[in-house]
Amino acid sequence: MTDTSKLQYTAEHEWVLVEGNVATVGITAYAAEKLGDVVFVELPDVGSTVAGGTVVGEIESTKSVGELFAPVNGTVTATNDAVVDSPELVNSDPFGEGWLIRVEFETLPTLLTFAEYSALIGE
């Protein structure tokens, strides 16, 4: 399990693990819980350029459709095919096997700390 206190977050309920100039992105457990049982995940193509703050994918559940936002400007270097094949990973392990995309970036925008995100969701 990833140490969630070491991650950065967005107000759109994504978590971001920064390793060098690559951001691994997923949705938080809070977002996964609010969505309900995830049944379909659509991710951007590897090699595609994404702009921070824009919608780059969809996460569909039995209750609703959620959008995946890019937290950074950059190029998608990897997508998690396991969540496309088994969308329930987003619910069962959102901070581990349920990661969604990796984006190579040049500049990291200001993201939320664990404490700031916890305050945002009222925890």
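Everything that follows concerns the structure shown earlier in this document.
Attention here is on the structure that accompanies the text. (Residues numbered from 1 in each chain as written. Predicted model: local features only at pLDDT ≥ 70, side-chain atom pairs only at ≥ 80, totals over all residues. Heavy atoms only, no water.)

Within the protein chain, the regular secondary structure consists of 4 helices and 9 strands. Helices and strands appear in the protein chain in the N-to-C order β-β-β-α-β-β-β-β-β-α-α-β-α. Expected size for 123 residues packed as a compact globule is a radius of gyration near 14 Å; at 13 Å, the protein chain falls within 12% of this value. Counting only C-alpha atoms, the protein chain reaches 35 × 35 × 25 Å along its principal axes. Taking all 123 residues of the protein chain together, 43% fall into the buried category. Pairs at least 24 apart in sequence give 61% of the contacts found in the protein chain among residues at least 6 apart. Carbon and sulfur atoms provide 49% of the accessible area of the protein chain, an area that totals close to 6,300 Å². (Helix = DSSP H or I, 4+ residues; strand = E, 2+ residues; numbered from the N terminus. Rg over C-alpha atoms; globule rule 2.2 N^0.38 Å. Buried < 20%, exposed > 50% of the residue type's maximum accessible area, 1.4 Å probe, protein only. Contact = heavy atoms within 4.5 Å. Areas by Shrake-Rupley, 256 points an atom, 1.4 Å probe, with all protein chains shown as cover.)

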